[in-house]
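Examination of the molecular architecture
Given next are the chains, with one letter for each unit.
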Amino acid sequence: MSYSRHRARHHRPRPYRPDQRKNFNVYYCLCGEYNLILERPLAEFPQRATDQAYIINNATNMYKWNVKKGTEAIVKRESGYEKQLRFGCPRCELTVGYNASGDSFAGDYTYIIADALTAEQGVIPEALQAELNATPVEEQAENQPIPSP
Ligand SMILES: [Zn+2]
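Quick caveat, the model's predicted, so the values are computed rather than measured.

A few words now on the overall build of the chain. Within the chain, the secondary structure is distributed over three helices and eight strands. In sequence order, the secondary structure elements of the chain are arranged as α-β-β-β-β-β-β-β-β-α-α. Taken over 149 residues, the chain has a buried fraction of 19%. Taking as baseline every contact in the chain between residues at least 6 positions apart, the subset at least 24 positions apart corresponds to 44%.

Taken in spatial order, the three strands of this open sheet run 1-2-4, and their pairing is antiparallel. Every interior strand has two partners, whereas the edge strands, strand 1 (25-28) and strand 4 (63-65), have only one. Each adjacent strand pair in this sheet contributes to an overall mean axis angle of 15 degrees, direction not counted. Alignment of strand 2 (residues 34-38) against strand 4, held across three bridges, turns out to be antiparallel.

Further remarks concern the nonpolar core. In terms of nonpolar packing, the biggest core is built from 21 residues, with Tyr27, Tyr28, Cys29, Val96, Tyr111, Ile112 and Leu117 touching the most fellow members. Looking at this core, the elements with two or more residues in it are strand 1, strand 2, strand 3 (54-57), strand 7 (95-102) and strand 8 (109-112). Setting aside anything within four residues of it in sequence, one finds Tyr111 in contact with Arg48, Ala53, Tyr54, Ile55, Gly97, Tyr98 and Ala100.

Here four bridges tie strand 3 to strand 8, and the two strands are oriented antiparallel to one another. Across the sheet, the residue bridging to Ile56 is Thr110, located in strand 8.

It is worth spelling out the pairing of strand 2 at this point. Extensive coverage of strand 2 is indicated by the burial of four of its five residues. Pairing of strand 1 with strand 2, which is carried by four bridges, proceeds in the antiparallel orientation. Considered in strand 2, the bridge of Tyr27 is made with Leu36. Linking strand 1 to strand 2, which pair antiparallel, is a turn of five residues; within it Gly32 sits at a positive phi near 105 degrees.

In this section: the sheet that holds strand 6 (residues 80-88). The strand order across the open sheet built from five strands is 3-8-7-6-5, with neighbouring strands paired in antiparallel fashion. What marks the edges here is a single partner per strand, and that holds for strand 3 and strand 5 (68-77). Sheet twist, expressed as the average angle between the axes of neighbouring strands with direction ignored, equals 30 degrees. Bridge analysis of strand 5 against strand 6 gives eight bridges, and the strand direction is antiparallel.

Here is what the cut-offs are and how they apply
- Residues numbered from 1 in each chain as written.
- Predicted model: local features only at pLDDT ≥ 70, side-chain atom pairs only at ≥ 80, totals over all residues.
- Helix = DSSP H or I, 4+ residues; strand = E, 2+ residues; numbered from the N terminus.
- Buried ≥ 20, exposed ≤ 12 C-beta atoms within 10 Å, placed from the backbone.
- Contact = placed C-beta atoms within 7 Å.
- Pairing = 2+ DSSP bridges.
- Axes fitted to C-alpha atoms, helices over the stretch in contact; angles between N-to-C directions.
- Core = buried A, V, L, I, M, F, W, Y, C linked by C-beta atoms within 7 Å.

Here it is as structure tokens:
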């Protein structure tokens, strides 16, 4: 055996339960890993007109990420080019949010990609369910998350 660490969390994520559900909102990736803990529900945050991402003002909001920094990307917007530093799920690497810089960004904001995260572990957001239903049955079976007991 060469395991230096026992990674129990990968087997069944159980972050901070049970007390913090009262005061915090936990958001999970589709793979079941928790990615974000927020003081307020995500639905209360404003959304960008460009890509519907939720806007978190870093100066006025407390939150905790469980993500790893991924790739940088340049995105063309109507107001010019936007440079994004993307954050991905530490387990499956799905991009779930980003920071942006460029001419149109004066403040310090973090963006959460709409429909990337779900408040219920093991549940697929509605918008994504429609997409999955459009894919072949074989693929669906492979990609379905394991439901919580
Ligand atoms: Zn994931």
